[in-house]
Amino acid sequence: MTFLSVEFGIFIFCVSIAFYFIEKTAVKENFAGQLLFLAASLVFYCFSDFRFVFFLLYVGIISYISAFFVTGRRKRLCLFFFIVMEILPLLFFKYANFFADMFFPEKKVSFFFPLGISFFTFQALSYTIDVFMKKIERERSLVAVMLFVSFFPSITSGPIQRADFLIEELKKKKSFSYDNMTCGLKLFAFGAAQKLIVANSLALYVDGVYSDISKSYGCALFLASVLYSFQIYFDFSGYSNMAIGIARFFGFNLGRNFDHPYFSESIGEFWRRWHISLSSWLRDYVYFPLGGSRCSKMRCYLNLLVVFFVSGVWHGAHLNFVFWGLLHGVFQCAQRLFAPVRKRFPLPPLLRILVTFALVSFAWIFFRIESFEDAFLAIRKILCTPSELLSFSGISSLHDGKELFKTLFSLNSKSVGFFPGFIKTIFFLILFIAIDFATRDKDGLKIIMEKAWFIRWGLYAVMLWGICYFLFFKNSGDFSANFIYNNF
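Not measured: the values here are computed from a predicted model. (Residues numbered from 1 in each chain as written. Predicted model: local features only at pLDDT ≥ 70, side-chain atom pairs only at ≥ 80, totals over all residues. Heavy atoms only, no water.)

The next thing to look at is the overall build of the protein. Helix and strand content of the protein: 21 helices and 0 strands. At 24 Å, the protein has a C-alpha radius of gyration in line with the 23 Å of a compact globule built from 488 residues. In terms of overall dimensions, the protein has a C-alpha envelope of 75 × 60 × 55 Å along the principal axes. Expressed as a percentage of its 488 residues, the buried residues of the protein come to 52%. Contacts in the protein between residues at least 24 apart in sequence constitute 74% of all its contacts with a sequence separation of at least 6. As displayed, the protein has an accessible area near 24,100 Å², and 68% of this comes from carbon and sulfur atoms. Averaged over its 48 positive side-chain charges, the protein has a centre that lies 7 Å from the centre of its 32 negative ones. (Helix = DSSP H or I, 4+ residues; strand = E, 2+ residues; numbered from the N terminus. Rg over C-alpha atoms; globule rule 2.2 N^0.38 Å. Buried < 20%, exposed > 50% of the residue type's maximum accessible area, 1.4 Å probe, protein only. Contact = heavy atoms within 4.5 Å. Areas by Shrake-Rupley, 256 points an atom, 1.4 Å probe, with all protein chains shown as cover. Lys, Arg positive; Asp, Glu negative; His and termini not counted. Charge placed at Lys NZ, Arg CZ, Asp CG, Glu CD.)

Written out as structure tokens, the structure is:
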């Protein structure tokens with residue numbers, strides 16, 4: 001069951017009806033509401049594959065039991081034991097195929113991958129570690145801990161939640177609120193528009209070009225690499241807005257997971273704005289325990305490399321993810337190393353933004369392409385882009401020039417959407433970038449609410465039309481309701 005499915009609409013309707021009747025009778029400590037959302041979360045998760053739910057229950061129960069031991073005698077040993085127990089399913093399913101291919105290449109071994117296991121495992125680990133560090137008290141209710149681990153809006157791809165906030169939120173009585181419902185629906189709709197109108201349209205071109213790197217020109221690969229940066233952003237940001245919107249609909253605040261990352265002026269700022277829940281998790285549970293920046297420069301650089309190595313490994317067993325993570329670690333170390341030079345010779349803000357975007361887009365190549373051979377082939381071709389353009393610059397015919405443009409940028413085949421469809425995609429991309437720019441320093445919902453009612457409802461109508469068009473008509477043949485980060 002995905003957010004963009006009829007089944008999910010029916011699911012939310014049923015949960016809403018049950019929630020309405022329960023909130024009329026629930027007391028301040030909303031145990032009935034907890035049971036409802038726990039049941040809803042397990043049902044939601046079972047729709048992906050009923051076998052997965054056993055691993056979800058295992059991680060939740062182990063997390064609950066761990067709190068009874070990590071504050072007593074030999075608590076450090078107990079902490080290590082329970083961390084290993086919680087992370088075992090993640091390690092097995094994440095890396096079993098990798099080691100099977102390594103040691104048994106002649107056998108076609110393939111293990112299924114439980115949906116969202118990376119996310120709910122890190123969420124469970126945060127509860128165990130926070131109890132050990134005495135940041136929170138041990139939760140006596142198994143239902144509350146299980147619901148914290150499995151809360152359905154965020155279970156598949158985050159945002160990764162913290163126990164000190166979400167468990168208390170889940171225990172409070174919630175009731176239907178007009179503001180929460182409307183704000184939640186607006187966030188959900190905007191996330192759906194990001195996914196359907198921008199990310200899916202960009203995927204058609206990016207996937208088409210990357211599907212045959214050897215036959216694509218450097219111009220096409222360069223453009224595909226830039227557009228993939230926006231594809232993964234609008235795909236994952238769209239999912240996050242939908243998840244946050246669903247939770248807001250029922251009165252829960254999951255926080256923000258993206259904060260305009262492509263307007264960052266440094267790699268460090270980028271990671272404070274990109275996938276905020278994971279970045280802050282790695283900061284609090286990996287970087288700070290290693291010593292953070294409160295140590296020698298060399299140790300600080302090593303800590304950064306370890307954090308981004310963990311980030312790469314968290315994303316997958318393929319070496320391309322590890323290389324992508326370490327590459328960002330090197331960028332961070334270089335940023336700190338050359339900080340005095342940057343302060344002495346500061347670049348204009350726009351140039352800093354463009355340099356940061358270029359570095360991030362370069363790293364995304366290794367994230368997107370699993371084969372190192374193909375990744376370096378793509379980079380070599382991209383570096384040849386200027387010579388490609390110069391070699392064809394002598395064409396004077398407008399008709400020939402148009403055909404040349406289509407050829408260089410792989411716009412002559414259905415796999416990338418043809419030329420007219422591509423122009424529409426770029427138009428929508430620019431439109432959503434403009435929206436991102438307009439909401440840099442202000443809440444988008446507040447901006448909308450400040451508009452006159454006819455402007456507001458006009459924008460709602462246009463967005464709803466766009467969602468319906470791309471959901472039911474435009475993408476009828478090539479539509480994918482899956483989100484990129486569902487794979488992690």
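A complete count under the given rule lists 74 aromatic pairs for this structure. A ring pair is formed by Phe8 and Phe44, whose centres lie 6.0 Å apart and whose planes are at 70 degrees; its orientation type is edge-to-face. One end of the pair, Phe8, is in helix α1 (residues 6-25); the other, Phe44, is in helix α2 (residues 31-46), with 36 residues separating them in the sequence. In this structure, Phe8 and Phe44 share a single accessibility class: buried. When the ring of Phe428 is compared with that of Phe470, the centres are 5.6 Å apart and the planes differ by 85 degrees; the resulting orientation is edge-to-face. With a gap of 42 residues between them, Phe428 in helix α19 (residues 418-438) and Phe470 in helix α21 (residues 453-474) connect regions that are remote in the sequence. (Phe/Tyr/Trp six-rings, centres within 6.5 Å; stacked < 30°, edge-to-face > 60°.)

Moving on, we get to the environment of Arg256. Within the secondary structure, Arg256 is located in the loop between α9 (218-249) and α10 (267-273). When the C-alpha atoms of Arg256 and Ser237 are compared, they prove to be 9.8 Å apart, with 19 residues separating the residues in sequence. In this view, Arg256 contacts Ile244 and Ile276; residues no more than four positions away in its chain are not counted. Engagement of the side chain of Arg256 in a polar contact is seen with the side chain of Asp259, the distance being 2.8 Å. (Polar contact = N/O pair within 3.5 Å; in protein donor to acceptor, adjacent residues only side chain to side chain.)

Keep in mind that these numbers describe shape and distance, not what the molecule does.
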